[in-house]
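Structural overview
Listed below, chain by chain, are the residues.
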Amino acid sequence: MESRHVEELFELEPGSQERFLKQWCGYTEAAGAPEMREAVARIYKSISTDNTLIVSCAEEGIFVSYHALVSAGDHVIVETPCYESGLEVARSTGAQVSEWRRRGENGWAHDVAALRKLIQPNTKVIYINTPHNPTGLIMPRPVFDEVMQIARERGIVVFCDEVYRELEHDPGTRLPAGCEVNENAVSLGAMSKTYGLAGLRLGWLATRDAKIIQRCLDFKYYTTISNSAPSEFLSALALRHREVLVKRNLEIVHKNLTLLNSFFQKHAQLFSWTIPDGSPIGFVKFKGHRGVFAFCEDLVQKAGVMLLPGTVYDEANYIRFGYGRKNMPEALQKFEEYLKASA
């Protein structure tokens, strides 16, 4: 999403700039500054500060969770296609990893029966992601509830990658956080996606299982130990006013989604997609004769428009589009000129 300047964050709360200038730059608490943990807890309905762990970006949250909860001899199920770390970090633990694969030909629907068949006696974690990267789709509530029930019956931890949560195009479709419906579920959040504050490099884990938090904290002592004190201050400030950030970002998303969908309709011979209902990203089928990597590489070199080839998701016929920036009209114009020149 479109980011913001630090001065815009200070404008959210009178006196915050003065307090920031007096911020102590020593080590913070390893679990996260109390102010930051409290701001995160307020996102949820049944999560206390003790149920949270602040991490240095979502990437660390994924790494810490897998290595704290999984080891060689265990089994992990990962919903794919996915952000690469969701799959590769699981493999790095030495565990056996199975993919719960979704496919574009059926609108990226979830096959719960297939999930059940993947479960083994040693399955420790099921990794899910909603709103989903790369498709931008929200997991249907019946599927979400069934996944949670399956995990609850077998004592499996559900790792819920929710970094695009609160950016549902219709807020009425928002799922409850995984950590609130299953005491063994872990919710992953971040400042980078929904709130557009990637430069602060912070994320968090939330779960009602105190043992999980402690195991993840114990492992974090071997990664970053503690977080950036200035980043925790600014992140807590932003989260206390997250509705303001989300409102502006949703306005950008709605406007750009209309533009992008019209663009695809105009170029239906090249592109088709299942329209996203959450996040600022979508996964688009490419019907051109070139491979998607070559197409994306040529586009960024000649037009300065960057897309993500689906090869990074093991989907060679798809491209991930982002539409969370204010300069989307300019990007589409350059894209249009590139297509005309390439015809």
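Residues numbered from 1 in each chain as written. Predicted model: local features only at pLDDT ≥ 70, side-chain atom pairs only at ≥ 80, totals over all residues. Heavy atoms only, no water.

**Overview of the overall build of the protein**
Summing up its helical and strand segments, the protein has 13 helices and 11 strands in all. At 20 Å, the protein has a C-alpha radius of gyration in line with the 20 Å of a compact globule built from 343 residues. If one aligns the C-alpha atoms of the protein with their principal axes, the spans along those axes are about 55 × 55 × 35 Å. Counting only residues that meet the buried cut, the protein has 57% of its 343 residues in that class. The contacts in the protein between residues at least 6 apart in sequence include a share of 72% that link residues at least 24 apart. Counting only carbon and sulfur atoms, one obtains 52% of the accessible surface of the protein, whose full area is about 15200 Å². Measuring between centres, the 39 positive side-chain charges of the protein sit 3 Å from its 42 negative side-chain charges. (Helix = DSSP H or I, 4+ residues; strand = E, 2+ residues; numbered from the N terminus. Rg over C-alpha atoms; globule rule 2.2 N^0.38 Å. Buried < 20%, exposed > 50% of the residue type's maximum accessible area, 1.4 Å probe, protein only. Contact = heavy atoms within 4.5 Å. Areas by Shrake-Rupley, 256 points an atom, 1.4 Å probe, with all protein chains shown as cover. Lys, Arg positive; Asp, Glu negative; His and termini not counted. Charge placed at Lys NZ, Arg CZ, Asp CG, Glu CD.)

**Here we look at a nonpolar patch on the surface**
Taken together, the side chains of Y221, Y222 and I225 define a hydrophobic patch exposed on the protein surface, amounting to about 380 Å² of accessible area. By the secondary structure assignment, I225 is in the loop between α9 (210–220) and α10 (229–240). (Patch = residues over 30% accessible without salt bridge, like charges linked within 9 Å, V, L, I, M, F, W, Y side chains within 5 Å. Salt bridge = Lys/Arg side-chain N within 4 Å of Asp/Glu carboxyl O.)

**Notes on the environment of I128**
By the element assignment, I128 lies in strand β4 (residues 123–129). Residue I128 is classed as buried on the basis of its relative accessible area of 0%. Sequence-wise, I128 and F144 are 16 residues apart; in three dimensions their C-alpha atoms are separated by 9.3 Å. When sequence neighbours within four positions are dropped, the list of residues in contact with I128 reads E79, W100, M139, F144, V147, V158, F159, C160 and D161.

**A short note on the environment of Q96**
Take Q96: it is sitting in strand β3 (residues 96–101). Q96 sits 25 residues away from S71 along the chain, and the two C-alpha atoms are 9.3 Å apart. Setting aside anything within four residues of it in sequence, one finds Q96 in contact with D74, H75, V76 and Q120.

**Focus: the layout of surface pockets**
Reported here for the largest pocket is a volume of approximately 1200 Å³. Along its surface, the largest pocket is lined by 46 residues, and I281, M306, R320, G322 and R325 are the ones closest to its centre. Elements that contribute at least two residues to the lining of the largest pocket include exactly α4 (57–69), β11 (318–322) and α13 (328–342). Ranked by the residues each element gives to the lining of the second largest pocket, the list is headed by α13, at 4 residues. Partitioning the lining of the second largest pocket into residue classes produces 6 nonpolar, 5 polar and 3 charged. (1 Å grid on protein atoms, 1.4 Å probe; cavity = no way out; pocket = protein on both sides within 12 Å on 5 of 7 lines; lining within 4 Å. Points joined across faces, edges and corners; volume = space filled by probe spheres on them. Nonpolar A, V, L, I, M, F, W, Y, C, P; charged D, E, K, R; others polar.)

**Regarding the side chain of T28**
Following the sequence through the fold, T28 ends up in the loop between α2 (16–21) and α3 (34–41). At 3.4 Å, the side chain of T28 and the side chain of E232 are in polar contact. Residues in contact with T28, not counting those within four places in the same chain, are S226, N227, A229 and E232. (Polar contact = N/O pair within 3.5 Å; in protein donor to acceptor, adjacent residues only side chain to side chain.)

**Regarding empty space enclosed by the protein**
Enumeration over the complete set of coordinates arrives at 2 cavities of 30 Å³ or more. In this structure, the largest cavity encloses a volume near 100 Å³. Taken together, I43, Y44, E162, V163, R165, E166, L188, G189, A190, T194, Y195 and W204 make up the full set of residues lining the largest cavity. Among the elements that take part in the lining of the largest cavity, strand β6 (residues 186–190) stands out by supplying 3 residues, more than any other. Across the lining of the largest cavity, the residue classes tally to 7 nonpolar, 2 polar and 3 charged. When its volume is computed, the second largest cavity comes out at roughly 60 Å³.

**Notes on unusual backbone geometry**
At the junction of T80 and P81, the peptide bond is cis and its omega measures out at 0° in the coordinates. Even without being a glycine, C57 presents a positive backbone phi close to 80°. Tracing the backbone through its elements, the reader meets C57 in helix α4.

**So, the pairing of β11**
Of the pairings in the sheet, the one linking strand β9 (residues 281–286) to β11 comprises 5 bridges and is antiparallel in character. The residue of β11 that forms the bridge with G282 is F321. Sheet analysis places strand β10 (residues 308–309) next to β11, joined by 2 bridges and oriented antiparallel. Bridging from a neighbouring strand, P309 pairs with I319 of β11. (Pairing = 2+ DSSP bridges.)

**Focus on the sheet that holds β9**
Sheet architecture is open: 4 strands sit in the order β8-β9-β11-β10, paired in antiparallel fashion. Looking along the sheet, the strands with just one partner apiece sit at the ends: β8 (271–273) and β10. Those strands touched by helix α11 (residues 242–266) are β8, β9 and β11, and its axis lies near 130° from that of β8. (Axes fitted to C-alpha atoms, helices over the stretch in contact; angles between N-to-C directions.)

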